Amino acid sequence: MHLDSLTDTFHRRHDYLRISLTDACNLRCTYCMPNEKMQVTPSSKLMQAEEIKHIAATFVELGVKKIRLTGGEPLLRKDVRKILRLLATLDVELAISTNAVLVNEYIADLKSANIASVNVSLDTLNAEEFFAITKRNDFGKILSNIHLLLSNGFKVKINMVVMKDINTQAILDFIEWTKEFPLEVRFIEFMPFKGNGWQQDAVFFAIDALKLISTKYDYVKLEDRAESTSRNYKVIGHKGSFGFISTITEPFCDSCNRLRLTADGKMKNCLFDRGETDLLTALRKGEDILPLIQKSVQNKKLQRGGLFDSMNEAAAFHENRTMISIGG
Ligand code: SF4
């Protein structure tokens, strides 16, 4: 067994794989989906269910302990039940990130796949603001599905992308929501991806969000797991907690344990890595994908794919993919 195949030159061990199942979505979030008419990848170019299982099994054999399914919107895949069943046979913790629009149709499937943790992307608790950000009217459905997940015993984390002058006031609404519900709300700094119109001054810094919260709430700092992407806090007396994913202002790359697989079978050793490794084509040619995985891990940069050394590298972000075709 190749124990150090997933350890990079900075001695970071990668035991968490994020697998995107599709770049299709039923929402049109401005910071993710560049435009309404974006072409989605045809299914012939997507990893098929057995191919996903084969590649995932290879990573599990190398030491991956957790697999998170992402998209686009993963529950849009017609064969998602088959994928869940196949992956549930592996000795790995399974989790999923979803916009929760369709979750009510998959509660039993998520349970049979032993999925205990569900991350839901939601950027406001205001229906009009929701429509402005997503161009869809699914706010009510998502809210009731989040409560359905909680009432079915799932651990629910809320991922909110904070955009200055767009939804910053929603931060306090989410904090208030943690009073009665055991939700883990994470405020994510707006990140640059191809076509999402990112500007440095559109980023609402984590420190400013914390200042906003402290105008109304007393909170304590929680202890964070070494590889945690978020820095977590809890308002005294609240059932839930909140945290910050601050890739722009306080990156957490030193303890990064994440690798990614895009829906069309490309390995990314970092969210901002522009050099992808095509595992699917190699697999379909009957070639060994292990050396490709090892090489990708060895090529991993220390921080943010080697970007951000200067904030003006906007052009470089466009060499990367769109957010929707990476899966966050
Ligand atoms: S930016 Fe890249 S290296 Fe840093 S935490 Fe994210 S995936 Fe890991």
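Note: the structure precedes this text.
Residues numbered from 1 in each chain as written. Predicted model: local features only at pLDDT ≥ 70, side-chain atom pairs only at ≥ 80, totals over all residues. Heavy atoms only, no water.

Of all the positions in helix α4 (residues 127-134), only Phe130, Ile133 and Thr134 are classed as buried. Buried residues of α4 fall within an arc of 80° about the axis and therefore sit on the same side. The exposed set on the far side of α4, more than 90 degrees from its buried face, consists of Glu128 and Ala132. (Buried < 20%, exposed > 50% of the residue type's maximum accessible area, 1.4 Å probe, protein only. Helix = DSSP H or I, 4+ residues; strand = E, 2+ residues; numbered from the N terminus. Arc of directions from axis to C-beta.)

We now examine the site of the ligand. Near the ligand the following residues occur: Phe252, Cys253, Cys256, Arg258, Arg260, Cys270, Leu271, Phe272, Lys300 and Arg304. Split by residue class, the shell around the ligand holds six nonpolar, no polar and four charged. (Near = heavy atom within 4 Å. Nonpolar A, V, L, I, M, F, W, Y, C, P; charged D, E, K, R; others polar.)

This paragraph deals with the sheet that holds strand β7 (residues 219-221). Within the open sheet, the 12 strands sit side by side as β7-β8-β9-β6-β5-β4-β3-β2-β1-β10-β11-β12. Their pairing is mixed. Since the sheet does not close on itself, it has two edges, and those belong to β7 and β12 (277-278), each with one partner. Note that strand β6 (residues 184-189) and strand β9 (residues 241-245) share five bridges and pair parallel. Pairing of Ile188 across the sheet is with Ile245, part of β9. Packed on one face of the sheet, helix α7 (residues 206-214) meets β6, β7, β8 (231-235) and β9 and runs near 155° to β9. (Pairing = 2+ DSSP bridges. Contact = heavy atoms within 4.5 Å. Axes fitted to C-alpha atoms, helices over the stretch in contact; angles between N-to-C directions.)

Further remarks concern the packing of helix α1 (residues 49-62) against helix α2 (residues 80-87). Helix packing for two helices is described by the angle between their axes and how far apart those axes are. For the pair α1 and α2, the least separation of the axes is 9 Å and the interaxial angle reads 25°. With respect to each other, α1 and α2 are oriented roughly parallel. Seen along the crossing, α1 lies across α2 with a hand that is right-handed. On α2, the residues that touch Ala49, Glu50, Ile52, Lys53 and Ala56 of α1 are Lys82, Ile83, Leu86 and Leu87. Its residues assigned to classes, the contact of α1 with α2 comprises six nonpolar, no polar and three charged. (Parallel < 35°, antiparallel > 145°, perpendicular 65-115°, else oblique. Left-handed = near helix turned anticlockwise from the far one by under 90°.)

All right, on to α1 then. The end-to-end C-alpha distance of α1 is 20 Å, a good match for the 20 Å that 14 residues give at a rise of 1.5 Å each. For α1, the full list of buried residues reads Ala49, Glu51, Ile52, Ile55, Ala56, Thr58, Phe59, Val60 and Leu62. Positive backbone phi, at 125°, marks Gly63, one or two positions downstream of α1. (Expected span 1.5 Å × (residues − 1).)

Counted by the stated rule, this structure contains 15 salt bridges. Between Lys221 and Asp224 there is a salt bridge, and its shortest N-O distance comes to 2.7 Å. Taking relative accessible area as the criterion, Asp224 reaches 27% and is therefore assigned partly exposed. Note that Arg321 and Glu276 form a salt bridge whose closest N and O atoms lie 2.5 Å from each other. Remark: Glu276 occurs in the loop between β11 (266-268) and β12 and Arg321 occurs in the segment after α10 (314-317); sequence separation between them is 45 residues. Under the relative-accessibility criterion, Arg321 is labelled buried at 16%. Through salt bridges with shared partners, a single network forms among Asp264, Lys266, Lys268, Glu276 and Arg321. (Salt bridge = Lys/Arg side-chain N within 4 Å of Asp/Glu carboxyl O.)

This part covers the nonpolar core. If you look at the biggest cluster of nonpolar residues, it comprises 106 residues, and the most contacted ones within it are Ile19, Phe59, Ile67, Ile158 and Phe187. When residues of this core are assigned to their parent elements, the largest contribution, seven residues, is made by α1. Apart from residues no more than four positions distant in its own chain, Ile67 is found in contact with Leu17, Ile19, Ala56, Val60, Val92, Glu93, Leu94 and Ala95. (Core = buried A, V, L, I, M, F, W, Y, C linked by side-chain atoms within 4.5 Å.)

Turning next to the pairing of strand β2 (residues 66-70). Counted residue by residue, β2 has five buried out of five residues, so it is predominantly covered. As defined by bridge partners, strand β1 (residues 16-20) adjoins β2 across five bridges and the pair is classed as parallel. Of the residues in β2, the one forming a bridge with Ser20 is Thr70. Where β2 lies against strand β3 (residues 93-98), four bridges are found, and the strand directions are parallel. Note that in β3 the partner of Arg68 across the bridge is Ala95. Since β2 and β3 lie parallel, the crossover through α2 that links them has a hand, and here it is right-handed. (Right-handed = clockwise from strand over helix to strand, strands pointing away.)

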